[in-house]
Amino acid sequence: ATMPCGNPTCRHRTKRKLRPLVISILPSSSSVTSTENDSPRKISRHEQITCMFQTNPSLSAHFEPPVFSPGVPSREIRNRLKLMEYANQAGLLPELEWQLICRALNEQLSPADDACGGGGGDDALCSEVTQDLSKLELSQESIAGKTQTVIDPFKYLVITTRVKPDNNCDETNATDATNNNKQKKKKVKKNEHETKSLIPISPNRRGAAEDISVPYSVELWRKSKTLNRDRSVFGCSLAHLIAMKTLIGDDYDESDDLSSHEAKFDFILEDNVRAFVGLEDTDDGTSSSTCECACRIWDLIEASNRAQDKPHLRYYGWLGSKPNLTWLYNNHIPRKAFATETGEGNSRIFPFPTNNDFLLDSIDGTSSEPATSQPKKKDASKEDSSKQPSFSTPGGTAIWGMFAYTISPAAYHSLIAQLQNDVGMLMWKGKRMRAFQAKAIDKIIPRTVREVYGEMSVHLSDKVAFVRCPMLGSLLHKHWEEGFCESTELQYAFSRHGEGCNVWDNVWLEDVERQIVDYRKKNGKWIRKEDIQGNSSKSKSNGSARSRSQSPVNIVTLSLISMMLLVNTFASAFTTSMHKSQRKDSLQASTEAILPNSEERQRAKLGHVPIISRTIPIADEMNVTVWEMEKPSEIIQEWWSIDESERTSRVGDPFGVIMWPGSILASRELMKQQKYVSNATVLVLGAGTGVEAQAAALLGAKKVIATDINPLSLQLLEYGAQRIDTIGSEVVEAKYFDLFSSDPLPEHEILVAADTLYNAELANQVGHRLHEAIIRSFEDGQTPTKIIVTDSQKFHGTNFLEEQEMIDLNAIFQEGKWKPLEWELETLKNFCGSGVLIDDDQIYDVDVRVIRWGWDDN
């Protein structure tokens with residue numbers, strides 16, 4: 001479109017309209033329907049971006065309606081079928097590998113149409129089937145009926161064979177200094193399986209010998225399935241690669257730079273941005289929109305195209321830490337700016353800063369750590385979930401974000417060529433790291449472009465066209481939100497030589513964002529979107545489960561709590577005798593004989609489920625032995641791969657079939673409080689295999705009510721407890737209990753919840769149940785419930801102490817001079833546990849946050 005802009009003051013009013021390509025996860029049909037009771041529904045990011053470009057006059061005059069490129073939900077790439085689909089869309093998979101994956105899936109998903117399975121068949125027909133399947137969307141529904149069959153997409157890529165154990169394997173002698181220096185023989189462990197590639201491996205592949213011995217897609221899956229929290233970062237990288245492929249299109253010359261290539265779209269945006277509209281007052285007192293966003297983009301395009309070094313990557317929006325922004329505007333930009341617009345735009349164009357640029361000012365550019373990135377071990381309440389990182393010195397990554405940019409065909413081709421031969425560019429792992437970590441796309445792209453085309457090939461403007469929206473509410477960057485806002489204000493102050501907070505008056509914002517900014521101006525601090533909008537959605541998600549714990553605490557109850565906090569002291573007249581009882585007979589027909597193995601672990605079966613023992617040292621004088629599912633990776637991988645709505649009916653909660661680090665720390669806390677545990681009733685929520693339940697029983701608890709919702713976990717728990725000689729036959733009760741039900745908690749004196757906070761809804765519900773237990777003990781005039789909560793996973797959005805009911809409860813405790821509910825941080829050294837998604841055990845150090853409440857220190 002070439003219709004001129006109607007704004008006579010616009011310096012680019014005759015330019016064609018710009019074409020944005022926006023990365024966004026499109027809203028589901030359920031999210032666009034009206035909510036009950038005529039309450040306002042949440043507007044999706046997809047709708048916000050559309051509204052921004054189409055309703056603001058200064059934007060609609062210069063921009064075509066946005067076209068959307070699909071985002072990549074992190075939960076979907078836990079499924080290797082979906083991962084392969086996204087990786088192929090991103091251009092990462094070699095063509096031959098994708099064809100063979102499609103052939104394998106076609107045979108396994110459509111056996112009735114299998115014309116070339118089993119190694120035979122017509123090659124031409126196989127080719128037709130492969131071509132048809134390559135167009136098939138591998139949705140969750142397409143494999144819904146295949147839950148009993150393992151679908152192997154790598155059937156024609158690799159073959160895995162079992163390696164026979166070597167009876168003549170070498171033996172090594174190890175000295176046991178604690179056992180009178182006696183010699184013990186330990187067998188060298190051999191690999192049990194060997195994987196060989198069925199297709200040729202590119203000689204250009206980079207990586208360890210073990211990695212490049214298998215096809216690219218197999219290596220990609222092996223590493224990505226261990227990403228854990230970094231899966232969101234990897235999903236973001238895939239989404240950007242998919243968008244870049246769409247941006248470039250099919251008709252291009254691989255040697256084209258940005259000044260010579262006419263792309264299908266002009267730039268890529270993330271859906272978390274807001275555009276400059278430049279609201280300014282007119283003489284008559286009204287406001288009119290200027291065309292600031294489009295003008296800043298055209299200023300950069302024209303100045304960049306005139307540069308001596310051809311551009312291959314342009315940024316239309318970027319950020320940095322406050323020390324780095326200060327260094328950029330005061331040192332780097334004045335020194336390196338190579339093109340300056342002398343018109344009304346008055347913008348300076350400069351190259352992407354490097355470590356060498358930092359060295360010009362005697363700055364170590366290799367690292368710059370946030371001042372709060374390492375919390376004190378005993379003060380986990382101030383860790384990253386509630387305290388934003390702050391930088392005190394420049395260095396490290398000078399530029400943040402790939403939320404508004406464009407890339408040349410030549411640079412894109414070079415990037416994909418390198419990524420196709422090196423999975424390590426996307427993911428890495430140190431020697432002592434438990435799992436792989438994903439590399440951020442805003443580090444991968446500029447580094448690759450500079451390496452291939454030189455340091456002057458990446459162009460930025462000191463006046464950005466887009467900024468990150470205030471207090472976005474991102475789960476990936478939750479603790480950076482305030483820092484992003486402060487950096488945006490500082491960037492605006494440097495570029496306009498004015499007040500930084502005025503930046504928000506000059507960008508398009510939706511209503512709730514405008515309220516956040518107004519609150520900031522009035523109160524001097526930032527507030528989150530959910531605090532503006534209220535917590536109605538949270539209360540809906542918890543349903544009727546909140547029953548008693550959700551009901552407001554009345555004045556009588558508050559008065560009773562305050563009075564008891566002032567006068568109550570804990571009674572410690574409990575005996576420390578231990579229960580000694582006869583060992584109960586083994587489970588009957590559902591189990592088989594215990595089979596010892598060479599590693600002093602024992603094997604058995606619960607029905608048809610192979611299980612294996614694990615002995616855990618709690619203290620020098622106490623061990624517990626629990627039983628785990630021998631190979632949990634299959635059931636856990638299935639859990640991640642299917643739709644959330646089907647998980648409960650098809651798999652159930654699978655995480656209680658192995659032991660987790662938090663249960664060890666909870667058991668050690670019980671050990672420290674043995675005088676209270678003895679003769680007490682202990683309630684364990686999400687007990688899993690029963691580490692802390694066994695510990696409480698061994699410490700003399702009168703009754704241990706160990707609850708879970710997974711029947712297999714309850715069987716494992718009961719099976720293990722019955723095989724401990726010193727645990728009475730009626731002490732440990734394995735009980736089905738749903739935290740989300742309306743049933744009240746069983747009566748207890750001590751409550752333990754170890755590693756049960758592995759999603760936001762469940763974490764909030766655990767918080768509601770703690771609230772219920774504490775309030776009920778005060779209302780009944782009993783000694784307040786003693787509490788131990790541990791969390792070794794520390795997922796985003798799982799800090800239930802930020803919920804209003806817990807904040808109110810802590811306020812009461814502080815008034816009564818009691819210790820509040822708060823997180824502390826402990827480090828568990830050399831934890832040995834299941835690899836979860838891999839068969840071998842893993843040994844690592846892990847930080848565990850802990851809540852201890854109601855004990856002596858209160």
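Each value, and the rule that gives it
Numbering of residues starts from 1 in each chain and follows the order in which that chain's sequence is written. For this predicted model, a pLDDT threshold of at least 70 governs which residues receive local features, and a threshold of 80 or more governs which side-chain atom pairs are given and counted, while totals over whole chains, interfaces and linings are taken from all residues. Side-chain calculation: all heavy atoms of the structure are included, whereas hydrogens and water are not. Counting from the N terminus, the helices are DSSP H or I runs at least four residues long and the strands are E runs at least two residues long. Buried residues are those whose accessible area, probed at 1.4 Å on protein chains only, stays under 20% of the maximum for their type, while exposed residues exceed 50% and partly exposed ones sit between those limits. Should any heavy atoms of two residues lie within 4.5 Å, those residues are counted as being in contact. Where accessible areas are quoted, they stem from the Shrake-Rupley method and a 1.4 Å probe; at the residue level, only the protein chains shown are allowed to cover. Nitrogen and oxygen atoms within 3.5 Å of one another constitute a polar contact, given that in protein one can donate a hydrogen and the other can accept it, and given that sequence-neighbouring residues count only through two side-chain atoms. Known as pLDDT, the predictor's confidence for each residue is given on a scale from 0 to 100. Strands are treated as partners if at least two bridges between them are detected by DSSP. Interaxial angles span 0 to 180 degrees and are taken between N-to-C directions of axes, which are lines fitted to C-alpha atoms, for helices over the stretch in contact. We define a salt bridge as a contact between a side-chain nitrogen of Lys or Arg and a carboxyl oxygen of Asp or Glu at a distance within 4 Å. A crossover counts as right-handed when, viewed with the strands pointing away from the observer, the path leading from the first strand over the helix to the second turns clockwise. When describing relative orientation, an angle under 35 degrees is termed roughly parallel and one over 145 degrees roughly antiparallel, while 65 to 115 degrees is termed roughly perpendicular and anything else oblique. Left-handed describes a crossing whose near helix is turned anticlockwise from the far helix by less than a right angle; the clockwise case is right-handed. Lys, Arg, Asp and Glu make up the charged group, whereas Ala, Val, Leu, Ile, Met, Phe, Trp, Tyr, Cys and Pro make up the nonpolar group; the residues left over, Gly among them, are polar. Here the aromatic set is Phe, Tyr and Trp, taking the six-membered ring for Trp, and pairing holds for ring centres within 6.5 Å; pairs whose planes are under 30 degrees apart are stacked, those over 60 apart are edge-to-face, and all others are tilted. Nonpolar core, defined: a set of buried Ala, Val, Leu, Ile, Met, Phe, Trp, Tyr and Cys residues in which side-chain atoms within 4.5 Å join the residues together. Disulfide assignment relies on a single distance test, namely cysteine sulfur atoms paired within 2.5 Å.

### Brief notes about the overall build of the protein chain
A count of helices and strands for the protein chain gives 26 helices and 29 strands. Across the 858 residues in the protein chain, those meeting the buried criterion constitute 51%. Intrachain contacts of the protein chain at a sequence separation of at least 6 include 72% that bridge at least 24 residues. In the structure as shown, the protein chain presents an accessible area of about 40100 Å², 48% of it carried by carbon and sulfur atoms.

### Here's the deal with the side chain of Asp271
You can see Asp271 is positioned in the loop between strand 7 (267–270) and strand 8 (273–275). By relative accessible area, Asp271 is classed as buried at 11%. Within the structure, the side chain of Asp271 is placed 3.0 Å from the side chain of Ser24, a separation counted as a polar contact. Engagement of the side chain of Asp271 in a polar contact is seen with the side chain of Arg45, the distance being 3.2 Å.

### Let's talk about the confidence of the model for the protein chain
The predicted model of the protein chain averages 77 in pLDDT, with 71% of residues at 70 or higher. Here strand 19 (residues 595–596) stands out as the element of the protein chain with the lowest mean pLDDT, 34, in contrast to strand 23 (residues 681–685), whose mean of 97 is the highest. Note that pLDDT drops below 50 for residues 281–287; the model gives that stretch 6 contacts with residues more than four away or on any other chain. With pLDDT under 50 throughout, residues 535–560 is counted as low confidence; its partners more than four residues away or in other chains account for 38 contacts.

### Observations regarding the sheet that holds strand 24 (residues 703–708)
Strand order across the open sheet formed by 7 strands is 25-24-23-26-27-29-28, with mixed pairing between neighbours. The strands lining the two open edges of the sheet, one partner per strand, are strand 25 (732–736) and strand 28 (824–834). Across the sheet, the mean angle from the axis of one strand to that of its neighbour is 20°, orientation sign disregarded. Relative to strand 24, strand 23 runs parallel, the two sharing 4 bridges. Bridge pairing in strand 24 places Leu683 opposite Ile705.

### Concerning the pattern of salt bridges
A full pass over the atoms with the stated rule returns 36 salt bridges. Note that Arg528 and Glu802 form a salt bridge whose closest N and O atoms lie 3.6 Å from each other. Residue Arg528 is found in the loop between helix 14 (511–523) and helix 15 (529–533), and its partner Glu802 is found in the loop between strand 27 (786–791) and helix 26 (804–815); the two are separated by 274 residues along the sequence. Assessed through its relative accessible area of 25%, Glu802 is described here as partly exposed. Close ionic contact of Glu772 with Arg769 constitutes a salt bridge, the shortest N to O distance being 2.8 Å. Placement of both Glu772 and Arg769 in helix 25 (residues 760–779) is noted, with a separation of 3 residues, approximately one turn of the helix. Summarising the burial analysis for this pair, Glu772 and Arg769 share the class buried.

### Thoughts on the pairing of strand 23
Regular strands place side chains that alternate from one sheet face to the opposite one. Most of strand 23 is tucked away, with 5 of its 5 residues classed as buried. Going residue by residue along strand 23, you find Thr681, Leu683 and Leu685 tucked away on one face and Val682 and Val684 tucked away on the opposite face as well. The parallel pair strand 23 and strand 24, bridged by helix 23 (residues 691–698), forms a crossover whose chirality is right-handed. Of the pairings in the sheet, the one linking strand 23 to strand 26 (residues 750–754) comprises 4 bridges and is parallel in character. Residue pairing across strands places Val684 opposite Val752, the latter belonging to strand 26.

### Notes on helix 3 (residues 80–89)
With 8 of 10 residues buried, helix 3 is to be regarded as a mostly interior element. Where helix 3 begins, the capping side chain belongs to Asn79, and its oxygen is found 2.9 Å from the backbone nitrogen of Leu81.

### Some words on the packing of helix 9 (residues 322–336) against helix 13 (residues 481–496)
The geometry of helix 9 relative to helix 13 is characterised by a closest axis approach of 10 Å and an angle of 15° between their N-to-C directions. On the basis of their axis angle, the class for helix 9 and helix 13 is roughly parallel. Crossing of helix 9 over helix 13 shows right-handed handedness. Within the contact between the two elements, helix 9 uses Lys322, Leu325, Thr326, Tyr329 and Asn330 and helix 13 uses Glu486, Ser487, Leu490, Gln491, Phe494 and Ser495. Here the contact of helix 9 with helix 13 is built from residues that sort into 4 nonpolar, 5 polar and 2 charged.

### A few points about unusual backbone geometry
Peptide bonds are, in most cases, trans, and in most cases residues other than glycine have a negative phi. Positive phi, normally seen in glycine, also occurs at Ser362, with a value near 60°. As for its position among the elements, Ser362 is in the loop between helix 10 (355–359) and strand 14 (400–407). Positive phi values are uncommon outside glycine, yet Asn830 reaches one of about 55°. Mapped onto the secondary structure, Asn830 falls in strand 28. Take Asn830: its relative accessible area is 55%, and that puts it in the exposed class.

### Quick notes on the packing of aromatic side chains
Enumeration according to the criterion identifies 20 aromatic pairs in this entry. Taken together, a centroid distance of 5.8 Å and an interplanar angle of 45° make the contact between Tyr315 and Phe352 tilted. Of this pair, Tyr315 sits in strand 11 (residues 313–319) while Phe352 sits in the loop between strand 13 (348–351) and helix 10, and the two are 37 residues apart along the sequence. For the pair Tyr315 and Phe352, one class covers both residues: buried.

### Quick notes on the environment of Gln89
Its place among the elements puts Gln89 in helix 3. For Gln89, a relative accessible area of 29% gives the class partly exposed. As for Gln89 and Ile242, which are separated by 153 residues in sequence, their C-alpha atoms are 5.8 Å apart. Apart from residues no more than four positions distant in its own chain, Gln89 is found in contact with Ile242 and Lys245.

### Regarding the nonpolar core
One finds Phe234, Ile297, Trp318, Ile445 and Phe466 to be the most contacted residues of the largest nonpolar core, which totals 119 residues. Here Phe234 is in contact with Ile77, Leu83, Leu220, Ser224, Leu227, Leu426, Met427 and Ala438, once residues within four sequence places are set aside. Residues Val624, Leu665, Ala693 and Ala754 belong to the second largest nonpolar core, which totals 44 residues.

### Points about the environment of Pro70
In this fold, Pro70 is placed in strand 2 (residues 67–70). For Pro70, a relative accessible area of 40% corresponds to the partly exposed category. Separated by 48 residues in sequence, Pro70 and Val22 place their C-alpha atoms 8.4 Å apart. Apart from the residues within four sequence positions on either side, Pro70 is in contact with Ile23, Ser24, Ala239 and Ile242.

### Side note on the packing of helix 3 against helix 4 (residues 95–109)
In contact at an axis separation of 11 Å, helix 3 and helix 4 are set at 145° when each is read in the N-to-C sense. For the pair helix 3 and helix 4, the sense of crossing is left-handed. The residues of helix 4 that touch helix 3, namely those facing Leu81, Met84, Glu85 and Asn88, are Trp98, Ile101 and Leu105. In terms of residue class, the contact of helix 3 with helix 4 is built from 5 nonpolar, 1 polar and 1 charged.

### Quick word on the pairing of strand 20 (residues 602–606)
Both strand 20 and strand 21 (residues 609–619) contribute to a ladder of 4 bridges, which runs antiparallel. Paired with Arg603 across the bridge in strand 21 is Ile612. Between strand 20 and strand 21, which pair antiparallel one after the other, the connecting turn spans 2 residues, and Gly607 there sits at a positive phi close to 65°.

### Describing the state of the cysteines
Taken as a whole, this structure holds 0 disulfides when the rule is applied. Free cysteine Cys5: the closest other cysteine sulfur is in Cys291, separated by 3.5 Å. Classification of Cys5 by relative accessible area gives buried; the value is 4%. Sulfur of Cys295: no disulfide; nearest cysteine sulfur belongs to Cys10 and is 3.8 Å away.

### Section: the environment of Asn759
Here Asn759 lies in the loop between strand 26 and helix 25. Given the relative accessible area of 33%, Asn759 is considered partly exposed. Residues Asn759 and Thr798 lie 39 residues apart in sequence; the distance between their C-alpha atoms is 6.4 Å.

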